[in-house]
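What follows is each chain in one-letter form.
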Amino acid sequence: MEPSRLAQGLRWIAHQPYFKGKWRLEKWFESHIRLPLAGEVLEFPHGFGMALDPTLSCERDFYYRDGEADTFAFLRGFLKPGMHVADCGAHIGFYTLAASRLVGDAGTVSAFEPTPATYVRLQHHVV
């Protein structure tokens with residue numbers, strides 16, 4: 001599913017440096033965005049798609065804010081093509097998929113998730 005203009009606007013705002021009133025603007029955008037249906041695949045601008053649960057704030061944050069901004073920025077700055085990555089506690093695979101795009105075909109990403117129900121969702125995203 002392609003993101004709406006409001007979702008694109010929220011993604012843009014969320015990636016800007018802090019400014020006064022930023023969180024209010026983000027909350028306004030979020031309140032006006034139609035949440036995807038559970039299981040609906042959302043396309044990320046990083047070259048992969050995921051089926052997210054729109055009722056979980058952490059999964060909405062993956063989509064609108066690239067999860068934790070500092071963690072994602074670190075991955076983008078540190079990972080290079082051909083590297084080998086271990087994602088321990090991979091959750092549903094957002095950082096796993098992002099890392100796989102960054103290391104490319106010459107690299108590898110191994111994802112580990114101990115929670116059985118979450119592991120099933122991880123498998124769905126990476127296979």
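Reading guide: rules and limits
- Residues numbered from 1 in each chain as written.
- Predicted model: local features only at pLDDT ≥ 70, side-chain atom pairs only at ≥ 80, totals over all residues.
- Heavy atoms only, no water.
- Core = buried A, V, L, I, M, F, W, Y, C linked by side-chain atoms within 4.5 Å.
- Buried < 20%, exposed > 50% of the residue type's maximum accessible area, 1.4 Å probe, protein only.
- Helix = DSSP H or I, 4+ residues; strand = E, 2+ residues; numbered from the N terminus.
- Contact = heavy atoms within 4.5 Å.
- Salt bridge = Lys/Arg side-chain N within 4 Å of Asp/Glu carboxyl O.
- 1 Å grid on protein atoms, 1.4 Å probe; cavity = no way out; pocket = protein on both sides within 12 Å on 5 of 7 lines; lining within 4 Å.
- Points joined across faces, edges and corners; volume = space filled by probe spheres on them.
- Nonpolar A, V, L, I, M, F, W, Y, C, P; charged D, E, K, R; others polar.
- Polar contact = N/O pair within 3.5 Å; in protein donor to acceptor, adjacent residues only side chain to side chain.
- Pairing = 2+ DSSP bridges.
- Right-handed = clockwise from strand over helix to strand, strands pointing away.

This paragraph deals with the nonpolar core. A general feature of soluble globular proteins is that nonpolar side chains tend to end up buried together. Core analysis: the largest hydrophobic core is formed by 24 residues, its most contacted members being Phe44, Phe48, Met50, Leu52, Tyr63 and Phe94. The set of elements that each furnish at least two residues to this core consists of helix H1 (5–14), helix H3 (57–65), helix H4 (69–78) and helix H5 (94–103). When residues of this core are assigned to their parent elements, the largest contribution, six residues, is made by H5. Once you skip the residues sitting within four places of it in the chain, Met50 turns out to touch Glu40, Val41, Leu42, Phe44, Ile92, Gly93, Phe94, Leu97 and His125.

It is worth spelling out the pattern of salt bridges at this point. For the structure shown, the criterion picks out eight salt bridges. With a shortest N-O distance of 3.1 Å, Arg65 and Glu26 are connected by a salt bridge. One end of the pair, Arg65, is in helix H3; the other, Glu26, is in helix H2 (residues 22–32), and 39 residues separate them in sequence. Look at Arg65 and you get buried, because its relative accessible area is 15%. When the shortest N-O distance is used, the salt bridge between Glu59 and Arg121 registers 2.6 Å.

What follows deals with the layout of surface pockets. Counted as a void, the largest pocket has a volume near 150 Å³. Here the lining of the largest pocket gets five residues from one element, more than from any other, and that element is H4. In the lining of the largest pocket, the residues fall into four nonpolar, two polar and four charged.

Structurally, the α-helix is built with 3.6 residues per turn, so residues lying three or four positions apart point the same way. For H1, the complete set of buried residues consists of Ala7, Gly9, Leu10, Arg11, Ile13 and Ala14. Each element contacted by the buried residues of H1 is listed here: H2 and H3.

Attention now goes to empty space enclosed by the protein. Applying the stated criterion across every chain yields a total of one cavity of 30 Å³ or more. What lines the largest cavity is Leu35, Pro36, Leu42, Leu52, Pro54, Glu59, Arg60, Tyr63 and Tyr64. At four residues, the largest contribution of residues to the lining of the largest cavity is made by H3. Grouping the amino acids of the lining of the largest cavity by side-chain chemistry returns seven nonpolar, no polar and two charged.

Quick look at the environment of His125 now. Inspection of the secondary structure puts His125 in helix H6 (residues 116–126). Not counting chain neighbours up to four residues away, the residues in contact with His125 comprise Met50, Ala51, Ile92 and Leu97. At a separation of 2.8 Å, a polar atom in the side chain of His125 contacts the main-chain carbonyl oxygen of Ile92.

In this section: the pairing of strand S4 (residues 108–112). Two strands pair when backbone bridges link them, and strand S3 (residues 84–88) and S4 are joined in this way by five bridges, in the parallel orientation. Along S4, the bridge assignment pairs Val85 with Val109. As for the winding sense of the linkage, the β-α-β connection from S3 through H5 to S4 is right-handed.

Glancing now at H5. Buried residues dominate H5, accounting for seven of its 10 residues. Buried residues along H5 sit in contact with strand S2 (49–51), H3, H4, S3, S4 and H6. Following H5 by one or two positions, Gly104 adopts a phi angle in the positive range, close to 70 degrees.

Purely spatial values, then, with no claim about function.
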